[in-house]
Each structure stands twice: as structure tokens, then as C-alpha cells.
Amino acid sequence: MITVEGLTRKYGTFTAVDDVSFVCQPGRVTGFLGPNGAGKTTTMRVMVGLTPPTSGRVTIGGHLYQDIPNPGRHVGVLLDASAQHAGRTGREILELGARTMGLPTTRVDEMLDLVSLSQSESKRRLRNYSLGMKQRLGIAHALLGDPSVLILDEPANGLDPAGIRWMRGLLRGYAERGGTVLLSSHLLNEVELIADEMILIGHGRIVAQGDKKSLLAGAAGSGSTFVTALDNNALSAALSAKGFTVASAGEGLRVETEPVEVGRAAVEHQIVLTDLRAADGGLEDLFLELTSDTQREVLG
Ligand SMILES: Nc1ncnc2c1ncn2[C@@H]1O[C@H](COP(=O)(O)OP(=O)(O)OP(=O)(O)O)[C@@H](O)[C@H]1O
Ligand SMILES: [Mg+2]
């Protein structure tokens, strides 16, 4: 279990992480999601003692990371897959890790197998690794000591779709065996695919948290409908006559009511629909909405 309590990290007058509190439970994969510069990496660096907090604290299994003897046996960390000696081979990096943690070198081959790095790939130097290979090696390194907690910063970065699916299976299995996983991403799709729980951060502050369902239930815009008809004008008139708010949206209309009501109006007026769906926009809209003041791009 990871417990973040009132964590604040300032750089001069700038507050990178602002009074952040959350908990990552064992048996769950927790996604830490936010746009670039939101404070994800900073929070994770504090977790593993690389950055001191300005105030607040993080404990892992009730202990500060610094106080955990042989931390690699308890907490697997992947913050920056390139932060290894570029001249070492993948195998050497894992062997060094195993030696530091007092593990048999057989563990290295197990981990190489687990992350699907071949024997010949493991003998290449890190500088010649592709991004995805570095990530796989980083995950192998994090899992080396068979820890009960995993802290992974953008682990899916550089993985191909098959790789992301593989990682999802790996982390799901790990959580099912009772492990605690925290993984960050600035990409909603990745987190949505992998995580059970989500923590949304923007501008150093937590803007929402919970499982996917409860986040969506609280999303603004839920309960509206996107619809397209052969005759949008006729449909719009029919819906307005029933008192629903209608606005044009792309090829179709956005209506402030449930899809079933829109379908009913269409049937009554014998209007042919070509598309009808809930227009909550899902998590993506929620994510953009909640973090909009921290987005770099103006969306619209
Ligand atoms: N050592 C530092 N000195 C000054 N500012 C810093 C330092 N480290 C981080 N920051 C600032 O803190 C903010 C949060 O950075 P952080 O790396 O935690 O974001 P992030 O959520 O990981 O973003 P990304 O998705 O781009 O990785 C940024 O504005 C960053 O410039
Ligand atoms: Mg980051």
C-alpha cells in the first residue's frame, strides 16, 4: 500500500505538487493520469526518496522509502528507463541489480523471459536498445526483487499495442497476486486499458479519483445524446417541440436527454436515424475538462 499524505513540493515560488493525498491499495492497479507537467514524476520521485517533499509525506507499507532496508525487495521502481549506464548490456544491468539485492543470477533469465527480451537482445548495449526494449528492461529491473509494490512512471511509453496489452496482463496478474501498482501516464487510453483505479492530476492538484465507473458517473455531460438523422432539421424541430435542448454538433445534433428519448421522438415523426449514442464523450472529455486549465493546447 502506498499512502500519500498532504504532499507538496515547491521549486522556488512554483508549486509543482500541491497538497496531494491519495492511497494505492494492494490488489489494484492505480493509474496516475495528468497532462504534461502536472506533477506525476515529481510525486513519484518523492515516493522513492529522490526528491525531498516541501511538506507532507509518502509511506510505502507504512514506512518511508529511505527507511526500507534492501528496498528493491519491496518496491520495484521504473522512473526513467534510460537512466542506466548506456554502455552496459541489458543483461549486465539486471545482473548488477540482482547482485545488489542479493538475488541469484538465475533471476535475471527469469526476468528476461518475463519481459520477452531474447538472449541476443540482452547482450546488446543499452544505448542500442529501442525505446520499447528499454521499457521492457526497466520493467524487468523493477520486478527483479519480487517486490510487493510497483511504481512505474510512463511504463507504456514506447510500447507497441501488443506490448501495452502484454503489460496490462502482466500488471493485472501482479495485482491479482496481491501486489500494489501505481503507474503514471499522460495518455488516457493507456491508463483506461490498464488501471482499475484512477487518480487525475492537473496543475499539481488532484482533480478527481476513483474507479472508471464512478468517475464517468460524475462526469458533466452524461445524460446527453449524440444523434444524426437523414433529416437533422426535422429531428431538431421534433426534439425542440418536446422541450429538449438541441445544438448542432459536427454531422449531427447534441441533445440534452437520454438516447431513448431521442429514439422515441424519431419514431413518432418517422425520421430515419443514422447514428444514436450517449454523448458523454467518456473519460476523455472528463479528463480534458478536469485538466483544461493545465492543457497546453486550446481545444475546441
Ligand atoms: N527540479 C525542478 N526544478 C524546477 N521545476 C521543476 C523541477 N522538477 C520538476 N519541475 C516542474 O514541476 C512541474 C511538474 O513536473 P513533472 O515532471 O512532475 O510533470 P509530469 O506530470 O511528470 O509531466 P510529464 O507528463 O510531461 O512527464 C513542471 O512544471 C516542471 O517543470
Ligand atoms: Mg513525467
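Analysis parameters
Numbers given for residues are sequential positions, taken from 1 along each chain in its written order. Chain labels run from A onward and ligand labels from 1 onward, assigned in the order the entries are written. Reporting in this predicted model follows two pLDDT cut-offs: at least 70 for local features of residues, and 80 or more for side-chain atom pairs to be given and counted; totals over whole chains, interfaces and linings ignore these cut-offs and use all residues. As a rule here, side-chain values cover all heavy atoms of the structure and leave hydrogens and water aside. What fixes the domain bounds is an automatic or database domain assignment. By this definition, two strands are paired if DSSP reports at least two bridges between them. Secondary structure elements follow DSSP: runs of H or I of four or more residues count as helices, runs of E of two or more count as strands, with numbering from the N terminus. Axes here refer to lines fitted to C-alpha atoms; in helices the fit is confined to the stretch in contact. Angles between the N-to-C directions go from 0 to 180 degrees. Any two residues having at least one pair of non-hydrogen atoms within 4.5 Å are treated as being in contact. When accessible area is computed with a 1.4 Å probe and restricted to protein chains, residues below 20% of their type maximum are described as buried, those above 50% as exposed, and intermediate ones as partly exposed. The positive count covers Lys and Arg only, the negative count covers Asp and Glu only, and His and the chain ends enter neither. In the sections that follow, a salt bridge refers to a side-chain nitrogen of Lys or Arg positioned within 4 Å of a carboxyl oxygen of Asp or Glu. Here a polar contact means two N or O atoms within 3.5 Å. Within protein one must be a hydrogen donor candidate and the other an acceptor candidate, and residues neighboring in sequence count only if both atoms are side-chain atoms. What makes a residue near a molecule or strand is one non-hydrogen atom of that residue sitting within 4 Å of it. Polar here means any residue other than Ala, Val, Leu, Ile, Met, Phe, Trp, Tyr, Cys and Pro, which are nonpolar, and Asp, Glu, Lys and Arg, which are charged; Gly is therefore polar. Roughly parallel covers angles under 35 degrees, roughly antiparallel covers those over 145, roughly perpendicular covers 65 to 115, and oblique covers all other angles. Handedness of a helix crossing follows the sense of rotation of the near helix relative to the far helix, less than a right angle counterclockwise being left-handed and clockwise being right-handed.

Draft legend 1. Inspection of the domain arrangement of the protein at higher detail. Here the domain parsing of the protein yields domain 1 (2-217) and domain 2 (221-280). Centre-to-centre, using C-alpha coordinates, domain 1 lies 44 Å away from domain 2.

Draft legend 2. Highlighting the sheet that holds strand 1 (residues 2-11). With antiparallel pairing, three strands are arranged side by side in an open sheet as 2-1-4. Each edge of the open sheet carries a strand with a single partner, namely strand 2 (14-24) and strand 4 (55-60). Ignoring strand direction, the axes of neighbouring strands in this sheet form an average angle of 20°. As paired strands, strand 1 and strand 2 are joined by seven bridges and run antiparallel to one another. Across the sheet, the residue bridging to L7 is V20, located in strand 2. The strands touched by helix 1 (residues 40-47) within the sheet are strand 1, strand 2 and strand 4, with strand 1 carrying the most contacts at an inclination of about 115°.

Draft legend 3. Focus on the side chain of K40. With respect to the element layout, K40 can be found in helix 1. Put simply, K40 is tucked away with no salt bridge, and the nearest opposite charge, on E154, sits 4.3 Å away. Separated by 2.8 Å, the side chain of K40 and the backbone oxygen of G34 make a polar contact. Here P35 takes part through its backbone oxygen, which lies 3.1 Å from a polar atom of the side chain of K40. The residues contacting K40, other than those within four sequence positions of it, are F32, L33, G34, P35, E154, S184, S185, H186 and I201.

Draft legend 4. Inspection of the site of ligand 1 at higher detail. Lining the immediate surroundings of ligand 1 are 13 residues, of which G37, G39, K40, T41 and T42 lie closest. Contact between ligand 1 and G37: an oxygen atom at 2.7 Å from a main-chain N or O atom of the residue. Broken down by secondary-structure element, the contributors of at least two residues to the shell around ligand 1 are strand 2 and helix 1. In terms of residues, the shell around ligand 1 owes the most to one element, helix 1, which gives three residues. Looking at the shell around ligand 1, its residues break down into five nonpolar, six polar and two charged.

Draft legend 5. Focus on the packing of helix 2 (residues 90-101) against helix 5 (residues 131-143). At a closest axis distance of 10 Å, the pairing of helix 2 and helix 5 adopts a crossing angle of 15°. On the basis of the axis angle, helix 2 is roughly parallel to helix 5. Considering how the two elements wind past one another, helix 2 and helix 5 form a crossing that is right-handed. Side by side, helix 2 and helix 5 meet where G90, I93, L94, G97 and M101 of the first sit next to L137, A140 and H141 of the second. Of the residues that constitute the contact of helix 2 with helix 5, the class distribution is five nonpolar, three polar and no charged.

Draft legend 6. Region of interest: the environment of E197. Position of E197 relative to the elements: it lies in strand 8 (residues 197-202). Under the relative-accessibility criterion, E197 is labelled partly exposed at 23%. Considered as a pair, E197 and P161 are 36 residues apart in the sequence and their alpha carbons are 21 Å apart. Beyond its immediate stretch of four places on either side in the chain, E197 contacts R28, V29, T30, G31, G210 and D211. For E197, the side chain forms a polar contact with the side chain of R28, separated by 2.7 Å.

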